[in-house]
Amino acid sequence: MDALIAASARALAAGDALGALKRVALRDDPPALALRGIAMAQLGEHARARDLLRRAARAFGPHEEVARARCVLAEAEVALAMRDLGGPPRVLATVSSTLDKHGDRANALHARLVAARRFLLLGRLPDAAATLEAVDPRGLPPALAAVAELTAAELALRTLRSGPAQAALARAHQAAYRAGIPSLIAEVAEARAALDRPAARRLAGGTAQALRLDEIEALLAGGALVLDACRRGLATAGAWQPLARRPILFALARSLAQAWPQDAERDALIATAFRTRRPDETHRARLRVEIGRLRALVRDMAGIEATPRGFVLQPRAACEVVVLAPPIDGEQASLVALLADGAAWSTSALALALGTSQRTVQRAVAELEAAGQVRGIGQSRARRWLAAPLVDFTTILLLPASLPGA
Amino acid sequence: MSTKTRSHPPQPAARPAEIVREFGPFAGVTQVHGVSYDGTRVWAATGAQLLAIDPRSGEVTRSLQRTGDAGTAFDGKHLWQIAESRIDKIDPATGDVVASIPAPGGGGDSGLTWAEGSLWVGNYRGRRIHQIDPATGAIQRTIESNRFVTGVTWVDGELWHGTWEADESELRRVDLRSGEVLDRLQMPPGTGVSGLESDGADLLYCGGGGSGKVRAVRRPRAQPN
């Protein structure tokens, strides 16, 4: 709490990062290091910011527990902005409980939000949901409330619940306006626009109809049996049978669903599932085996009956069969549609689901990554692919004030 | 052995501070840095402006648009205010800066008080108090403490200063020559002391830092020695 620290913090609070730096640029005491780190982060110099915040956290004395926890929190937020997700998650939990113990509620909640966003970026949706549940958005400062609601909205979207997502985005919109941070308002608007974009196509009788997320949700909640070629599986009345890891069964199911209410010819089924134009007796035998496997998997949703020409799908309770396809055709669109569940996929799992080679998937994700539509985490064999985040939080504006007594 | 290692005489036991009154928080104020008293009004430095508070009503009666980042003092006629790494001499009637001298800590300064023709400046992380010449800013004497020094004040020949480290905050009376701690008033946990000024009688006004408040603490009567 000395004069230049106070002056520098005042400049930082007013958004004048350069003015803040000017006042403490030559000082190496812990509060000055923390301020320099936060100012550098606001200027986009993430690596330098991280280094300064680390040094500040180390330099604070044993009595200055709160100041140190705030530095660690700021560092975690900078790491999040750098998309460096390697740190252990328990650090943020410790920081949160330390800040709670010392009555710094806003920053303690902030630490939990950073943890939840980290889980979301890692594709660990259940962990993200559990962490977010512990955050009570009432009484939060508006900027933090907006981030909490955005996180909740993304979680809801990933699990195809557009109603809660809409509601969370509406609350995020209000909170962002109350916070008066233009970039946060823009992020919320961007996320709301994403809700209105076509997320899939409904194929019926040779025509395609673009569907928005809420329409997909209504379709899934309705009485139809839905073959979802985006997430690769069969859905009806809340039940979900994934077929992402069973590419042959999925190809058969898709052919049957597209042919419904007619039957699908044996040779056509063989051509799509086994990729051969000259079927012989062995292929017919294999087809019987695979149809038997599919029948067993989807028994509760639909029956599969043999007809003179081939096989026909007979939904149990559902009145109709609907095929949902990715909004545009092609390998890349199928990849993006698969990743829309928010989970982390390995290249081999993607290749298995799409029925293509790993090399093809690698080429496709490389192009998508360059276009910013997917992102990779982890290195070499541990590398996993996730959808681009729905909203790129304006992270740096929310860094806590890492000052003693601030 | 480090040359900084000094043996301190045993400290007196800390007594809980008796908070008589709280002022604020005031509209638009998130921080109180320095506190002073001009005989009728309590002055508080809040970053962008200096506020004059009527201690009877607790209302803000006047505000000066002057930067104040740390301690405030009153010499009977002018206000002295630490702003960044300088000390401004301000005319409270007009709000004009009459003169400026460099602060001895070069920006590491915290508390400020006026006594007997000198300014006394606390150095926060330096854990010391400087006596300086108000005309030039030259250091005349230095008193060492073993805690981070925040506000400083003189009353009845007693030198009091505030300390604030993490969650712990105290008001301390120290010996002018040796720096020995003579009295300790402990603030409740989480209640920081930024600025400090006595009203010349029984009260010590304390800046509340990030709470945006000013608190009045009862000064214990000097015990007969």
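From a predicted model like this one, the values you see are computed outputs, not experimental measurements. (Residues numbered from 1 in each chain as written. Chains lettered and ligands numbered in written order. Predicted model: local features only at pLDDT ≥ 70, side-chain atom pairs only at ≥ 80, totals over all residues. Heavy atoms only, no water.)

**Thoughts on the sheet that holds strand β4 (residues 42-45) of chain B**
Residue and element names in this part refer to chain B. Read from one edge to the other, the open sheet built from four strands follows the order β3-β4-β5-β6, with strand pairing classed as antiparallel. Edge strands, defined here as strands with exactly one partner in the open sheet, are β3 (35-37) and β6 (60-64). Sheet twist, expressed as the mean angle between neighbouring strand axes with direction ignored, is 20°. Looking at chain direction, β4 and strand β5 (residues 50-53) are connected through four bridges and run antiparallel. Its bridge partner lying in β5, A45 is registered against L50. (Pairing = 2+ DSSP bridges. Helix = DSSP H or I, 4+ residues; strand = E, 2+ residues; numbered from the N terminus. Axes fitted to C-alpha atoms, helices over the stretch in contact; angles between N-to-C directions.)

**Re the sheet that holds strand β2 (residues 19-23) of chain B**
Backbone-to-backbone hydrogen bonds pair the strands of a sheet. The strands run either parallel or antiparallel. Residues and elements named next belong to chain B. Pairing is antiparallel across the open sheet formed by four strands, whose spatial order is β2-β21-β20-β19. Because the sheet does not close on itself, it has two edges, and the strands there are β2 and β19 (196-198). Averaged over all adjacent pairs, the angle separating strand axes in this sheet is 20°, with direction ignored. Where β2 and strand β21 (residues 214-218) come together, four bridges link them in antiparallel fashion. Pairing of I19 across the sheet is with V217, part of β21.

**Concerning the interface of chain B and chain A**
The partner chain A presents 19 residues to the 23 residues of chain B that form the contact. Note on chain B versus chain A: buried area summed over both sides is about 1600 Å², and carbon and sulfur give 58% of it. Remark: the boundary between chain B and chain A carries three salt bridges. Our enumeration of links across chain B and chain A arrives at seven residue pairs in polar contact (both at pLDDT 80 or more). For the side of chain B that touches chain A, the secondary structure elements donating two or more residues are β11 (109-115) and β16 (158-165) of chain B. Along the lines of polarity and charge, the residues of the side of chain B that touches chain A split into seven nonpolar, ten polar and six charged. (Contact = heavy atoms within 4.5 Å. Buried area = accessible area lost by both parts, 1.4 Å probe. Salt bridge = Lys/Arg side-chain N within 4 Å of Asp/Glu carboxyl O. Polar contact = N/O pair within 3.5 Å; in protein donor to acceptor, adjacent residues only side chain to side chain. Nonpolar A, V, L, I, M, F, W, Y, C, P; charged D, E, K, R; others polar.)

**With respect to the side chain of R215(B)**
Residues and elements named next belong to chain B. Tracing the backbone through its elements, the reader meets R215 in strand β21. For R215, a relative accessible area of 8% translates into the label buried. Not counting chain neighbours up to four residues away, the residues in contact with R215 comprise I19, R21, E22, M187, T191, G192, L204, Y205, C206 and G208. (Buried < 20%, exposed > 50% of the residue type's maximum accessible area, 1.4 Å probe, protein only.)

**Things to note about the packing of helix α8 (residues 125-133) of chain A against helix α9 (residues 142-158) of chain A**
Axis angle and axis distance: for two packed helices, these are the angle between their axes and the distance between the axes, and together they describe the pair. Residue and element names in this part refer to chain A. Closest axis-to-axis distance for the α8/α9 pair is 11 Å, and the angle between their directions is 145°. The two elements α8 and α9 cross, and the hand of that crossing is left-handed. For the pair α8 and α9, the contacting residues are L125, A128, A129 and L132 in the first and A148, T151, A152, L155 and R158 in the second. By residue class, the composition of the contact of α8 with α9 is seven nonpolar, one polar and one charged. (Left-handed = near helix turned anticlockwise from the far one by under 90°.)

**Re the nonpolar core**
Nonpolar side chains in soluble globular proteins generally cluster together in the buried interior. Residue and element names in this part refer to chain A. One finds L140, L184, I216 and L324 to be the most contacted residues of the largest nonpolar core, which totals 47 residues. For this core, the elements supplying multiple residues, two or more each, are α7 (105-121), α8, α9, α10 (162-179), α11 (182-196), α12 (213-221) and β9 (321-325). Per-element tally for this core: the top contributor is α9, with eleven residues. Residue-level mapping places this core at the junction of two domains, with at least three residues from each of domain 1 (3-196) and domain 2 (201-325). Counting 28 residues, the second-largest nonpolar core is a separate cluster that includes L243, F274, L287 and L294. (Core = buried A, V, L, I, M, F, W, Y, C linked by side-chain atoms within 4.5 Å. Domains from an automatic or database assignment.)

**Points about the pairing of strand β8 (residues 79-83) of chain B**
All names here are of chain B. Within β8, five of the five residues are buried, which leaves the element mostly enclosed by the surrounding structure. Note: strand β7 (residues 72-74) against β8, three bridges, orientation antiparallel. Bridging from a neighbouring strand, A73 pairs with W80 of β8. The hairpin turn running from β7 into β8, its antiparallel successor, is four residues long, and G76 in that turn takes a positive phi close to 105°. When β8 meets strand β9 (residues 86-90), the two strands line up antiparallel, connected through five bridges. Each bridged residue has a counterpart across the sheet, and for A83 the counterpart in β9 is R86.

**With respect to the pattern of salt bridges**
What the rule picks out here adds up to 36 salt bridges over all chains. Residues D28(A) and R36(A) are paired through a salt bridge, measuring 3.0 Å at the closest nitrogen-oxygen approach. According to the relative accessible area criterion, R36(A) is buried, its value standing at 11%. Close ionic contact of R218(B) with E18(B) constitutes a salt bridge, the shortest N to O distance being 3.4 Å. With a gap of 200 residues between them, R218(B) in strand β21 and E18(B) in the loop between β1 (15-16) and β2 connect regions that are remote in the sequence. Residue class for E18(B) comes out partly exposed when judged on its relative accessible area of 43%. Residues joined by salt bridges that share partners form a network here, namely D2(A), R27(A) and D29(A).

**Let's talk about the domain arrangement of chain A**
Residue and element names in this part refer to chain A. What the domain assignment lists for chain A is domain 1 (3-196), domain 2 (201-325) and domain 3 (332-398). On a C-alpha basis, the centres of domain 1 and domain 3 stand 25 Å from each other. Contact with domain 1, which involves 27 residues of that partner, is made by 20 residues of domain 3. Summed over both partners, the interface of domain 1 with domain 3 comes to about 2200 Å²; 63% of that surface belongs to carbon and sulfur atoms. Area buried by domain 1 at its contact with domain 3 is led by E154, R158 and E187, which between them contribute 25% of it. Linking domain 1 to domain 3 there are zero residue pairs in polar contact (both at pLDDT 80 or more). The set of elements that each furnish at least two residues to the side of domain 1 that touches domain 3 consists of α3 (30-42), α5 (65-81), α7, α9 and α11. Element by element, the count of residues in the side of domain 1 that touches domain 3 is highest for α9, at seven residues. Looking at side-chain class alone, the side of domain 1 that touches domain 3 contains 15 nonpolar, six polar and six charged residues.

**Focus on the confidence of the model for chain B**
Residues with a pLDDT of 70 or more make up 94% of chain B, whose mean pLDDT is 87. The ipTM value of the predicted complex is 0.83, and its pTM value is 0.76. (pLDDT = per-residue confidence, 0-100.)

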